[in-house]
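# Results of the structural survey
What follows is each chain in one-letter form.
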Amino acid sequence: MIEDGATDQGSVTTVRRVGETIRRPAGAWTPAVHALLDHLESAGFTRAPRALGTDGADEVVSLLHGEPAFSPWPPALRSTAGLRELGTWLREYHAAVRGFRPPADARWRAQEEQWRPGMTIRHGDLGPWNSIWNGDRLAGFIDWDFAAPGHALDDLAQLAWYAVPLRPDRQQHRAGITGDGVLRDRLDALCTAYGARPAAVLDALDGLQAREAERIERLGGRGEEPWAAFLARGDAAEMKAERAWLRQERTALLGGPGD
């Protein structure tokens, strides 16, 4: 866990811990994100930071105690029990956010669609690097900067992409995930905990990868950050390669010709 007074540089922004709070540069999206976090708090959802306002140019949120899951992953995340923790968290988050109605003037950093009834507000960055663990218990997810209107199944697809992980061998080995049939078992554990069919999640991920690669090329090509940085480091090309890998491995991931 980040020490009091220390800073931590992520791929998009730098955060600083001050006591039991986390500070980061505020943006035009901050009021909408804080409205979301306020709703989660009022709904009794405790496994997300609380919005504490702003301090000068910084937003302030509460500190989630625990350790993020960087590669190689901690034992909790390498187990199917850890995938069940993630699936349960996402199911409970989607239940808590269901009654949220964004402010009329809401601006979201990663918005691609206008919110309408039937949509959810996606976390938007559901990778292990944003999951905080206390031993084998998931404390919650941090870094809500990319929250935006979207579809619930895309949240689950993104979580499966990065936390199963539904990625080629190199990324699996970096995470410490190896063995025949392991990805299928991990995908099943995640989907069962959430309450979704693996085939539907793979379909959603195929679309998500295509849209994310296109967005990086479009916004990055215009010089908009952080997508310009993502484009420069090769993220769009990597996503296209991972999409091709996913299509090749679909039958094995589903355990046969069906689902």
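All of the points below concern the structure found in this document. Not measured: the values here are computed from a predicted model.

Turning to the packing of helix H6 (residues 182–194) against helix H9 (residues 235–254), a few remarks are in order. Taken N-terminus to C-terminus, the directions of H6 and H9 make an angle of 80°; their axes are 9 Å apart at the nearest point. Considering the angle they form, H6 stands roughly perpendicular to H9. Residues Leu183, Arg184 and Leu187 of H6 lie in contact with H9, whose contacting residues are Trp245, Ala252, Leu253 and Leu254. For the contact of H6 with H9, a count of residues per class yields six nonpolar, no polar and one charged.

Looking now at the packing of aromatic side chains. Throughout the structure, instances matching the rule amount to nine aromatic pairs. When the centroid spacing of 6.2 Å and the interplanar angle of 85° are considered together, the rings of Phe146 and Trp227 count as edge-to-face. Remark: Trp227 occurs in helix H8 (residues 227–232) and Phe146 occurs in the loop between strand S9 (137–141) and strand S10 (148–150); sequence separation between them is 81 residues. The class of Phe146 is buried, set by a relative accessible area of 11%. Residue class for Trp227 comes out buried when judged on its relative accessible area of 5%. Over the ring of Phe146 we find Arg109, and its NZ or CZ is 5.2 Å from the ring centre.

Turning our attention to the sheet that holds strand S5 (residues 58–62). Strand order in the open sheet formed by five strands is S1-S2-S3-S5-S4, with antiparallel pairing between adjacent strands. In the strand order of this sheet, the two ends are held by strand S1 (7–9) and strand S4 (51–55), each with one partner. The average angle at which neighbouring strand axes cross in this sheet is 25°, direction not considered. Of the pairings in the sheet, the one linking S1 to strand S2 (residues 14–18) comprises three bridges and is antiparallel in character. Within S2, the position partnered with Gln9 by the bridge is Thr14.

So, about the sheet that holds S9. Spatially, S6-S8-S9 is the arrangement adopted by the three strands of the open sheet, whose pairing is antiparallel. Looking at strand neighbours, the two that pair on one side only are strand S6 (67–68) and S9, the edges of this open sheet. By the bridge criterion, four bridges tie strand S8 (residues 131–134) to S9 in an arrangement that is antiparallel. Across the sheet, Trp133 pairs through a bridge with Leu138, a residue of S9. Taken strand by strand, helix H3 (residues 80–97) contacts S8 and S9, and its axis lies near 40° from that of S9.

Within the secondary structure layout, His94 lies in helix H3. Accessibility expressed as a relative area gives 5% for His94, which makes it buried. Within polar-contact distance, the side chain of His94 engages the side chain of Asp155 at 2.9 Å. When neighbours within four sequence positions are excluded, His94 is seen to be in contact with Thr120, Ala152, Asp155 and Tyr194.

This brings us to the packing of H3 against helix H4 (residues 152–163). Where H3 contacts H4, the axes come no closer than 11 Å and their chain directions differ by 160°. Considering their axes alone, H3 and H4 lie roughly antiparallel with respect to each other. The chirality of how H3 crosses H4 is right-handed. Taking contact as the criterion, the partners of Leu83, Leu86, Leu90, Tyr93 and His94 in H3 are, on H4, Ala152, Asp155, Leu156, Leu159 and Ala163. Split by residue class, the contact of H3 with H4 holds eight nonpolar, one polar and one charged.

Along the chain, Glu214 falls in helix H7 (residues 198–221). Owing to a relative accessible area of 38%, Glu214 belongs among the partly exposed residues under this scheme. Between the alpha carbons of Glu214 and Ala237 there is a distance of 10.0 Å; along the sequence they are 23 residues apart.

With 13 residues, helix H1 (residues 30–42) ought to run about 18 Å at 1.5 Å a step, and its terminal C-alpha atoms sit 18 Å apart, in line with that. Burial in H1 covers these residues: Thr30, Ala32, Val33, His34, Leu36, Leu37, His39 and Leu40. Looking at the packing, one finds that the buried side of H1 touches S4, S5, H3 and strand S7 (120–122).

Calculation rules
Residues numbered from 1 in each chain as written. Predicted model: local features only at pLDDT ≥ 70, side-chain atom pairs only at ≥ 80, totals over all residues. Heavy atoms only, no water. Axes fitted to C-alpha atoms, helices over the stretch in contact; angles between N-to-C directions. Helix = DSSP H or I, 4+ residues; strand = E, 2+ residues; numbered from the N terminus. Parallel < 35°, antiparallel > 145°, perpendicular 65-115°, else oblique. Contact = heavy atoms within 4.5 Å. Nonpolar A, V, L, I, M, F, W, Y, C, P; charged D, E, K, R; others polar. Phe/Tyr/Trp six-rings, centres within 6.5 Å; stacked < 30°, edge-to-face > 60°. Buried < 20%, exposed > 50% of the residue type's maximum accessible area, 1.4 Å probe, protein only. Lys NZ or Arg CZ within 6 Å of the ring centre and 35° of its normal. Pairing = 2+ DSSP bridges. Polar contact = N/O pair within 3.5 Å; in protein donor to acceptor, adjacent residues only side chain to side chain. Left-handed = near helix turned anticlockwise from the far one by under 90°. Expected span 1.5 Å × (residues − 1).

Remember, this is a structural readout, not a statement about activity or role.
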